[in-house]
Amino acid sequence: MKSPQLVAFALAALSGVIEAQYEKSPDMFRAGRYESGEVHMELMARKKATWDRQIASGAMNSTQYKSHPVAAAAGPVKCIDGTAKVVPGDRLNTFKCKNIDFYDFVSHADLGSNRGEGSSSWGWTAPNGREFVVIAQEDGAAFAEITSAGKLVYLGRLPQSKGAAVSIWREIRGYKNYMVIGSEASKHGVQIFDMTKLLNIDPAKPVTFATTDVTALWNGLPAGSTHNIVINEEKEYAVAVGAQPRSSTCKSGLIFIDLKDPKNPKTLGCASGDGYVHDAQCLVYRGPDTRYVGRDICYGYNEDTLTIYDVTNKNTTTIISRTSYTGASYTHQGWVTNPQWQEFLVMDDEYDEYDGRGPAASGYPITYFWDIRSLSAPKQTGYYKSSAYGIDHNQFVVDGKWAYQSNYGTGLRVLDVSSLSADPTGKAVKEVAFFDVYPEDDNTAKGGVLDFVGTWSHYPFFKSGFVLVNTIERGAFVVKRTDI
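First things first, this report covers the structure right here in the doc. Keep in mind it's a predicted model, so treat the numbers as computed, not measured.

**Describing the pairing of strand E22 (residues 344–349)**
Of all six residues that make up E22, six are buried, and the element is covered over most of its length. On E22, burial covers both faces: Phe-344, Val-346 and Asp-348 on one face and Leu-345, Met-347 and Asp-349 on the other are all buried. Direction of pairing for strand E21 (residues 331–336) relative to E22: antiparallel, over a ladder of five bridges. Residue pairing in the sheet places Gly-334 in a bridge with Met-347 of E22. For E22 and strand E23 (residues 366–371), the ladder comprises five bridges, and the chain directions are antiparallel.

Now the structure itself:
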């Protein structure tokens, strides 16, 4: 949320018009803290404090987490009576679960990392159906294949860009047969890597690629860093969001990268009108708001607002609406339930549980539901409150029905959100599956902790049904639902 003076200044500089009014907060002091970046810096500092504590305790030393034996021919470890006993009798290898079986686990160390500290992840399906994943770590990205038996086979890695520091904040998204990789580390730039390089690698001889083996390295960022990467594959572009500093020309907003020729990415322009963007989803609009059918729309998650942009013209973007909500603490990420008919989206706020605000005041993760049938007047219509104590982080919707969520210490959670079109309040939404990857907090008073531990990300879009779950401390899991 922006102060009126700064909003006016930004909008005056923007070659577009506001088509809907911003829902203003009475707490102008709090608004100024978002505008200055203070809230974001506070959140990052809290995370860093957690991870430094984990390093000091040894929890980040991934060599202690033993990879599942490759020769485990017995198949998956089934979720029986609410637990998957990967190592029988070992509390730290017994995972609470529902309708999800364990298939494999490989530590960050065995995924080639000297430092671990996992973050983002993404996947790619080759033309012949083979399924590959990219697993972000502090010192680069690991490549692996998920076999038809659900085994995670390490193939190699791509280090961070030459001259860039290590950083746990490394985000990855797929574009056709490429992976687009950004980092919060200054001087990193955006790496574009061709996944077909993995097709003929012998797993017995994993390859550490040189930083020069990328298809391209795009250096159009103000300081070489970006918080996140967004892809619109249909329109053949990427977006770098949250690129510091906030005082730059693009104000850490949406920075567009032309990917029509991945070997020669080009700057297309930027959207600075609402300042810092933490994450976004950019889609060709298909939905009931006839004013925007066929337009290029970005749904921005902008710290304390859902901000919707028309970015059809990358140099003269328009803010359609910006809307806050009760309990807004740090608007983090979200996903449209059906990209082919955009009526609803799900959203998480990363700081509301920790901050004790709104419906998350009790510390149980809240999934917010939005009616976006009018892009100029979106409505936050309801929410789902998890029964697992913890913090939510990233989520994606599969088949217009299943919201897969990486919720830090509470693990991978799956909601059935198919009822939203009939009941936008979300009262009929229910959790149908979960796999808790962080048993370290199982014996706490509330069965969980309000802390930035456990899973950062997952990739749920494979046709096989296998889901990769990347964790901060341990490494990567492969799991699969049993209820579909």
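Next comes the rest of the description.
**Overview of the pattern of salt bridges**
Overall, the coordinates contain 23 salt bridges when judged by the stated rule. Close ionic contact of Asp-451 with Arg-53 constitutes a salt bridge, the shortest N to O distance being 2.4 Å. Taken together, the residues Asp-451 in the loop between strand E28 (430–435) and strand E29 (455–459) and Arg-53 in helix H3 (residues 38–57) connect sequence positions 398 residues apart. A relative accessible area of 13% means that Asp-451 is categorised as buried. The class for Arg-53 is partly exposed, based on a relative accessible area of 43%. A salt bridge links Arg-474 to Glu-440, with the nearest nitrogen and oxygen atoms 3.1 Å apart. In this pair, Arg-474 is assigned in the loop between strand E30 (466–471) and strand E31 (475–481) and Glu-440 in the loop between E28 and E29, connecting sequence segments 34 residues apart. Shared partners join several salt bridges into a network, and the residues in it are Arg-33, Glu-38 and Glu-42.

**Considerations on the packing of aromatic side chains**
As enumerated under the stated definition, the model contains 27 aromatic pairs in all. For the pair Tyr-364 and Tyr-389, a centre-to-centre distance of 5.2 Å together with 70° between the ring planes defines the contact as edge-to-face. With Tyr-364 in the loop between helix H4 (352–355) and E23 and Tyr-389 in the loop between strand E24 (379–385) and strand E25 (394–398), this pair connects stretches of sequence that are 25 residues apart. Of the residues examined, Tyr-389 reaches a relative accessible area of 14% and is grouped as buried.

**Quick look at the environment of Pro-76**
If you trace the backbone, Pro-76 turns up in the loop between H3 and strand E1 (83–85). Sequence-wise, Pro-76 and Tyr-237 are 161 residues apart; in three dimensions their C-alpha atoms are separated by 39 Å. In this view, Pro-76 contacts Asp-101, Phe-102 and Tyr-103; residues no more than four positions away in its chain are not counted.

**Thoughts on the sheet that holds strand E9 (residues 178–183)**
One open sheet holds the four strands; their spatial order is E8-E9-E10-E12, and the pairing between them is antiparallel. What marks the edges here is a single partner per strand, and that holds for strand E8 (170–175) and strand E12 (216–218). Recorded for the sheet is a direction-independent mean angle of 20° between the axes of neighbouring strands. Relative to strand E10 (residues 190–194), E9 runs antiparallel, the two sharing four bridges. Looking at the pairing, Ile-181 lines up with Gln-191 of E10.

**Quick notes on the pairing of E31**
Most of E31 is tucked away: six of the seven residues are buried. Relative to E31, strand E3 (residues 100–107) runs antiparallel, the two being bridged by seven bridges. Bridge assignment links Asp-104 to a residue of E31, and that residue is Val-478. A loop of three residues connects E30 with E31, the two strands running antiparallel in sequence.

**Here we look at unusual backbone geometry**
With an omega of 0°, the peptide bond running from Gln-244 to Pro-245 counts as cis. With respect to the helices and strands, the residue Pro-245 is situated in the loop between strand E14 (237–241) and strand E15 (254–258). The phi dihedral of Lys-176 is positive, around 55°, even though this residue is not glycine. Examined against the element boundaries, Lys-176 turns out to sit in the loop between E8 and E9. Since its relative accessible area comes to 40%, Lys-176 is described here as partly exposed. Unusually for a residue other than glycine, Lys-251 sits at a positive phi of about 55°. With respect to the secondary-structure elements, Lys-251 resides in the loop between E14 and E15.

**Here we look at the side chain of His-68**
Mapped onto the elements, His-68 comes out in the loop between H3 and E1. In this structure His-68 touches Val-86, Phe-102, Tyr-103, Asp-104, Phe-105 and Lys-151, once residues within four positions along its chain are discounted.

**Topic: the state of the cysteines**
Under the defined criterion, the tally for this structure stands at three disulfides. A disulfide bridge connects Cys-79 with Cys-97, and the sulfur atoms are separated by 2.1 Å. Sign of the S-S torsion, about 105° for the bond between Cys-79 and Cys-97, identifies this disulfide as right-handed. One end of the pair, Cys-79, is in the loop between H3 and E1; the other, Cys-97, is in strand E2 (residues 94–98), with 18 residues separating them in the sequence. Comparing Cys-79 with Cys-97 shows no difference in burial state: the two are buried. Here Cys-250 is linked by a disulfide to Cys-270, with a sulfur-sulfur distance of 2.2 Å. Taking the sign of the S-S torsion, about -90° here, the bridge from Cys-250 to Cys-270 comes out left-handed. Taken together, the positions of Cys-250 in the loop between E14 and E15 and Cys-270 in strand E16 (residues 266–271) put the pair 20 residues apart, joining distant regions of the chain. For the pair formed by Cys-250 and Cys-270, the shared burial category is buried.

**Quick notes on the sheet that holds strand E27 (residues 412–416)**
Spatial ordering of the open sheet is given by E1-E2-E28-E27-E26-E25, a layout of six strands whose pairing is antiparallel. Each edge of the open sheet carries a strand with a single partner, namely E1 and E25. Averaged over all adjacent pairs, the angle separating strand axes in this sheet is 25°, with direction ignored.

Parameters at a glance
Residues numbered from 1 in each chain as written. Predicted model: local features only at pLDDT ≥ 70, side-chain atom pairs only at ≥ 80, totals over all residues. Heavy atoms only, no water. Buried < 20%, exposed > 50% of the residue type's maximum accessible area, 1.4 Å probe, protein only. Helix = DSSP H or I, 4+ residues; strand = E, 2+ residues; numbered from the N terminus. Pairing = 2+ DSSP bridges. Salt bridge = Lys/Arg side-chain N within 4 Å of Asp/Glu carboxyl O. Phe/Tyr/Trp six-rings, centres within 6.5 Å; stacked < 30°, edge-to-face > 60°. Contact = heavy atoms within 4.5 Å. Axes fitted to C-alpha atoms, helices over the stretch in contact; angles between N-to-C directions. Disulfide = S-S within 2.5 Å.

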